[in-house]
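Structural overview
Chain by chain, the residues run as shown.
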Amino acid sequence: MSIPPGPFAGPFPGPFTGRTVTELARDLRDGRATSVDLVERALGAVAALDPALNAFVTVDAAGALQAARRADAELAGGTDRGPLHGVPVAVKDLIMVAGLPATMGSRHFAGYVPDADAECVARLRAAGAIIVGKTTTHEFAYGPTGDRSATGPSRNPWDPARMSGGSSGGSAAAVAAGIVPLAVGTDTGGSVRIPAALCGVAGFKPAYGAIPTDGVFPLSRSLDHVGVLAGDHESCLIAHRRLSGDAGHPRDGAGGVRVAWLDPAELCDGDSRVTAAVRAVAGAAEEVRLPEGAAEELRETYAAIQSCETAAVHAERLAGAPELFDPEVLERLRVASDVPGWRYVRAVEARARLAGAAGALFAGHDVLALPTVPITAPPIDSRETEVEGRTVAVRPALLALTSPWNVLGLPALTVPVGTVDGLPVGLQLVCRPGHEPLLFEAAARMTGADGG
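Scoring rules and cut-offs
- Residues numbered from 1 in each chain as written.
- Predicted model: local features only at pLDDT ≥ 70, side-chain atom pairs only at ≥ 80, totals over all residues.
- Heavy atoms only, no water.
- Helix = DSSP H or I, 4+ residues; strand = E, 2+ residues; numbered from the N terminus.
- Rg over C-alpha atoms; globule rule 2.2 N^0.38 Å.
- Buried < 20%, exposed > 50% of the residue type's maximum accessible area, 1.4 Å probe, protein only.
- Contact = heavy atoms within 4.5 Å.
- Areas by Shrake-Rupley, 256 points an atom, 1.4 Å probe, with all protein chains shown as cover.
- Lys, Arg positive; Asp, Glu negative; His and termini not counted.
- Charge placed at Lys NZ, Arg CZ, Asp CG, Glu CD.
- 1 Å grid on protein atoms, 1.4 Å probe; cavity = no way out; pocket = protein on both sides within 12 Å on 5 of 7 lines; lining within 4 Å.
- Points joined across faces, edges and corners; volume = space filled by probe spheres on them.
- Nonpolar A, V, L, I, M, F, W, Y, C, P; charged D, E, K, R; others polar.
- Pairing = 2+ DSSP bridges.
- Axes fitted to C-alpha atoms, helices over the stretch in contact; angles between N-to-C directions.
- Salt bridge = Lys/Arg side-chain N within 4 Å of Asp/Glu carboxyl O.
- Parallel < 35°, antiparallel > 145°, perpendicular 65-115°, else oblique.
- Left-handed = near helix turned anticlockwise from the far one by under 90°.
- pLDDT = per-residue confidence, 0-100.
- Arc of directions from axis to C-beta.
- Phe/Tyr/Trp six-rings, centres within 6.5 Å; stacked < 30°, edge-to-face > 60°.

1. A few points about the overall build of the protein chain
- Counting its regular elements, the protein chain contains 14 helices and 15 strands.
- Against the globule reference of 22 Å for 452 residues, the protein chain gives a C-alpha radius of gyration of 20 Å, in line with a compact fold.
- Per-residue burial for the protein chain yields a buried fraction of 60% across its 452 residues.
- Sequence-distant contacts in the protein chain: of pairs separated by 6 or more residues, those separated by 24 or more amount to 76%.
- As presented, the protein chain carries roughly 16,200 Å² of accessible surface, and 52% of it is formed by carbon and sulfur atoms.
- Taking the average place of the 39 positive charges on the side chains of the protein chain and the average place of its 51 negative ones, the gap between the two points comes to 2 Å.

Spelled out as structure tokens, the structure:
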């Protein structure tokens, strides 16, 4: 594989760079484009750009063009399925798409082809979206770096020598390079938001259970979320509403969104320049703090729940064919298998207690703001990185600011807010379930873009 010498020149060369779902929907209805046009552009971008990025595992050119022709015929005949109708999308290779291989990034599933769509894919099709292919995932989604897969690492469009983040790294890279305007991923500890932040796109993890996980290969069932990635937050909101069945509700009451700043230093060691860049965009919000000891308890709770649930999913594969796992993933699974059951029981009890304590963070506030990831994208395969003269462990740093909201099941959105050393930085916004309109309103205000 040929890797370009250094970062792609911005703006990225893909046909959907800077194009929103709303703009594409308008083009389709005003006759400036057809769905076949859009799909052909996406397929051309895969051919031109994916050899450097490895964002895609499978491309379904014939199926996508057939679906696009059907979408065009429906629109011409007066059937309009909504803003995703005729728009090309990509789906993480952990989510079942009938008739397309689903490898889960692992040799364990070489040759596996499901015969039914995941529920979220069925909803995409019902909304008229066109699935052009499946995107690279960290093996079994068990890692935030995106560089452990049977088909190789997905690469960051800002610099292909750097990691895309994971586990939905292929989805983030495909959107960031402008290959597709929208992609679907999964998020267990940050696997939508981490790669979105590292690749400079928007990513949304809804409240737990908001989008069904039926037909999605599990990592940790009580932490898994289906989420969406796009170039802008409004496109994420449009896709979320179609996937969750939420028609959206106007804001009640008047006044601005009340935003509080959560100091990331409470949760991890990171790059002060990243924090400063994010804080500058978030504005002079009042600071709030986690209850004493909550940060460490959230980390321990997340680790215990994910370890035990993941070990249960893979027990038979671990016993019967351990050699088929990537060595790093295998070692993590063996460590996870040694976590005693009593720790899991206590972690489940702690999660309920922490959810109550976290509610106090929203007393007098609607939205929490903090960085999505406290560092910029490290080089592929690195497990330690230098940050302002300190050595920082990569995996814990990537997860530190995103995993608490999986434990608590809270909606969380990341939006790009600039760069540090030429690499993207993400602002993360968190709210209570049912308050998602405020989340997107805050994102629109902070980024100077109209919200959806």
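2. Here's the deal with empty space enclosed by the protein
- Counting across every chain of the model gives 3 cavities of 30 Å³ or more.
- If you add up the space inside the largest cavity, you get close to 80 Å³.
- Residue lining of the largest cavity: 13 residues in total, with Gly143, Ser191, Tyr302, Gln306 and Leu399 positioned closest to the centre.
- Its residues assigned to classes, the lining of the largest cavity shows 6 nonpolar, 6 polar and 1 charged.

3. Quick notes on the environment of Thr419
- Locating Thr419 in the fold gives a position in strand 14 (residues 412-420).
- Each C-alpha atom of the pair Thr419 and Val274 lies 8.2 Å from the other, and the pair is 145 residues apart in sequence.
- Sequence-distant contacts of Thr419, defined by excluding residues within four places in its chain, comprise Trp158, Pro424 and Val425.

4. Brief notes about unusual backbone geometry
- In this chain, Gly166 is followed by Ser167 through a cis amide linkage whose omega measures 10°.
- Examined against the element boundaries, Ser167 turns out to sit in the loop between strand 5 (159-163) and helix 5 (169-176).
- The backbone of Phe140 sits at a positive phi, close to 55°, despite the residue not being glycine.
- With respect to the helices and strands, Phe140 occurs in the loop between strand 3 (130-135) and strand 4 (155-156).
- Residue Phe140 is classed as buried on the basis of its relative accessible area of 1%.
- For Ala141, which is not glycine, the phi torsion reads 65° and is therefore positive.
- Topologically, Ala141 is positioned in the loop between strand 3 and strand 4.
- Overall, the relative accessible area of 4% leaves Ala141 in the buried class.

5. As for the sheet that holds strand 3
- Taken in spatial order, the 11 strands line up as 1-3-2-6-8-7-14-15-11-9-10 in an open sheet, and their pairing is mixed. Unpaired on one side and paired on the other, strand 1 (56-59) and strand 10 (286-288) mark the two borders of the sheet. Sheet twist, expressed as the mean angle between neighbouring strand axes with direction ignored, is 30°.
- Pairing between strand 7 (residues 202-205) and strand 14: 3 bridges, direction antiparallel. If you follow Gly203 over to strand 14, its bridge partner there is Thr414.
- Contacts between helix 4 (residues 119-126) and the sheet are confined to strand 2 (88-92), strand 3, strand 6 (182-187) and strand 8 (225-230), with strand 2 contributing the most and set at about 175° to the helix.

6. Brief notes about the pattern of salt bridges
- Here the structure, examined in full by the defined rule, presents 26 salt bridges.
- The closest approach of N and O atoms between Asp147 and Arg383, which form a salt bridge, is 2.9 Å. Remark: Arg383 occurs in the loop between strand 11 (367-371) and strand 12 (384-387) and Asp147 occurs in the loop between strand 3 and strand 4; sequence separation between them is 236 residues.
- Judged by relative accessible area, which is 4%, Asp147 ranks as buried.
- Taken together, the salt bridges that share partners define one network made up of Asp147, Arg148, Asp326, Glu328, Asp381, Arg383 and Arg395.

7. Considerations on the packing of helix 9 (residues 294-320) against helix 11 (residues 341-359)
- Remark: helix 9 packs on helix 11, axes separated minimally by 9 Å, with the N-to-C direction vectors making an angle of 135°. Comparing their axes, helix 11 and helix 9 come out oblique. Once helix 9 is placed against helix 11, the crossing between them reads as left-handed. Contact residues: Ala294, Glu297, Leu298, Glu300, Thr301, Ala304, Ile305, Cys308 and Glu309 in helix 9; Arg343, Tyr344, Ala347, Val348, Ala350, Arg351, Arg353 and Leu354 in helix 11.

8. Description of the confidence of the model for the protein chain
- Looking at the protein chain, pLDDT values average 94 and 95% of them are 70 or higher.
- Below pLDDT 50 for its whole length, residues 1-9 participates in 19 contacts with residues either more than four positions away or in separate chains.

9. Quick look at helix 1 (residues 21-30)
- Of all the positions in helix 1, only Val21, Leu24, Ala25, Asp27 and Leu28 are classed as buried. An end-on view of helix 1 places all buried positions within 160° of arc, on one side of the element.
- Residues of helix 1 that are buried make contact with helix 2 (35-53), helix 3 (61-76) and helix 7 (233-244).
- One or two residues past the end of helix 1 sits Gly31, with phi positive at roughly 85°.

10. Concerning the packing of aromatic side chains
- Taken as a whole and assessed by the stated rule, the structure comprises 6 aromatic pairs.
- Ring centres of Phe140 and Phe217 lie 5.3 Å apart, and the angle between their planes is 35°; this geometry places the pair in the tilted category. Here the residue Phe140 occupies a position in the loop between strand 3 and strand 4, and Phe217 occupies one in the loop between strand 7 and strand 8, the gap between them amounting to 77 residues. Across this residue pair, the class does not change: Phe140 and Phe217 are buried.
- Their ring planes at 70° and their centres at 5.1 Å tell us that Phe204 and Phe440 sit as a pair that is edge-to-face. Here the residue Phe204 occupies a position in strand 7, and Phe440 occupies one in helix 14 (residues 436-447), the gap between them amounting to 236 residues.
- Judged by its relative accessible area of 0%, Phe204 falls in the buried class.

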